[in-house]
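Here are the chains, one letter per residue:
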Amino acid sequence: MIAPSILAADFARLADATASVRGADWLHVDVMDGHFVPNLTIGLPVVEALLATTDIPMDCHLMIDDPDRWAVAYAEAGAHNVTVHVEAAADPVKVAHDLRAAGALAGLSIKPRTPFEPYVELLAHYDTLLVMSVEPGFGGQEFRSEVLEKVRTARKLVDTGRLKVLIEIDGGINADTIEQAAEAGVDCFVAGSAVYNAEHPARAIRALRESAAAASAHLRL
Ligand code: DX5
Ligand code: ZN
C-alpha cells in the first residue's frame, strides 16, 4: 500500500492534492502541534474539509501532545486510521479503545530512537504500527535505515501470529529506499516528497508500488 503524505503538497490547493493522487491506498495527513514536534501544520477543521473532497481512506498521523484528549475527534470525523505517538499518549490502551469505538483503526507510532520491544503487548490493542524512519516534524529528510531492524522484528511477530498489525513506515521513502523497506516487511509506505515533487504524482505512486511489490515478492513465497 502507498499512502502519499499531503505535507509535501501545495497547502493552498489541498483539494487538488487529493485529486492528483487518485489510486493511492490511503491519504496520509500529518497533524503537528508545535509542541510534540517543532512544527505546526493542520488540525481537525482542515482534516474535515479534506474528508469531504476525497474517497481515499484517510490516515491521520497525530504528532501532538495529549492525544488522549484529541485523537478520537479525528476518528469521529471519519478518518480511516488514526495514529498516535507512544511517546505522547498517557493511556495508550484507552486511546486505542476510543478510536476503535469511534469506528476507526487505531495506530501506534514510534520515533526512530524509541525501541519497539517494550510495546509488543500494547500493540495487541492496535491495528497499525507506524515506524518513523525520520525524526517526526518535517518532510524531505533522509531515510534512516537502522529502523528497519524494528520492522523485521515486527514482521516476524506478525507472520508467526503473535501480533496482528499492519506495518507502516514514514519518512524518506522514495525510489531509492522503498525496496529495502519492502524487503524488511513493510505493508504500507508513506511518501511525501517522492509523490508530490514528482511531475505525475499518480504515476509516482504506481512506480513505488511496483518497486515495493517486486522487492517483497520473497516474503509471499
Ligand atoms: C514527518 C511526517 C511524514 C512526512 C514524510 O514528520 O510524518 O509523513 O510527510 O515526508 P517525506 O516522504 O518527504 O520524507
Ligand atoms: Zn507522517
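Our subject is the structure that appears above.
Cut-offs applied
- Residues numbered from 1 in each chain as written.
- Chains lettered and ligands numbered in written order.
- Predicted model: local features only at pLDDT ≥ 70, side-chain atom pairs only at ≥ 80, totals over all residues.
- Heavy atoms only, no water.
- Near = heavy atom within 4 Å.
- Areas by Shrake-Rupley, 256 points an atom, 1.4 Å probe, with all protein chains shown as cover.
- Helix = DSSP H or I, 4+ residues; strand = E, 2+ residues; numbered from the N terminus.
- Nonpolar A, V, L, I, M, F, W, Y, C, P; charged D, E, K, R; others polar.
- Axes fitted to C-alpha atoms, helices over the stretch in contact; angles between N-to-C directions.
- Parallel < 35°, antiparallel > 145°, perpendicular 65-115°, else oblique.
- Left-handed = near helix turned anticlockwise from the far one by under 90°.
- Contact = heavy atoms within 4.5 Å.
- Pairing = 2+ DSSP bridges.

Novice: I keep staring at the site of ligand 1 and nothing clicks. Help me out?
Specialist: The environment of ligand 1 is made up of 20 residues, and the closest members are Ser-5, Gly-137, Asp-170, Gly-192 and Ser-193. For ligand 1, whose unbound accessible area comes to 380 Å², protein coverage reaches 99%. Listing elements by their share of the shell around ligand 1, those giving two or more residues are β2 (27-32), β3 (58-63) and β8 (188-191). Among the elements that make up the shell around ligand 1, the one with the highest residue count is β2 (three residues). Class assignment for the residues of the shell around ligand 1 results in eight nonpolar, 10 polar and two charged.

Novice: Please clarify how the packing of helix α3 (residues 67-77) against helix α4 (residues 92-101) should be interpreted in this entry.
Specialist: The description of two packed helices rests on the angle between their axes and on the distance between the axes. At a closest axis distance of 8 Å, the pairing of α3 and α4 adopts a crossing angle of 20 degrees. With respect to each other, α3 and α4 are oriented roughly parallel. Where α3 crosses over α4, the two elements pack in a sense that is right-handed. Residues Asp-68, Ala-71, Val-72 and Ala-75 of α3 touch α4, and the partners they reach there are Val-95, Asp-98 and Leu-99.

Novice: What exactly am I supposed to notice about the sheet that holds strand β6 (residues 128-132) here?
Specialist: Strand pairing within a sheet occurs via backbone hydrogen bonds; the two strands may be parallel or antiparallel. Reading across from one edge, β1-β8-β7-β6-β5-β4-β3-β2 is the order of the eight strands in this open sheet, with parallel pairing throughout. Of all the strands in the sheet, just β1 (2-4) and β2 have a single pairing partner and so form its edges. Each strand axis lies, on average, 25 degrees off the axis of its neighbour in the sheet, ignoring direction. By the bridge criterion, five bridges tie β6 to strand β7 (residues 166-170) in an arrangement that is parallel. Each residue of the ladder has a partner; that of Leu-129, found in β7, is Ile-167. Its contacts with the sheet place helix α8 (residues 201-215) against β1 and β8, and it is angled at close to 145 degrees to β1.

Bear in mind that shape data such as this cannot, by itself, settle questions of function.
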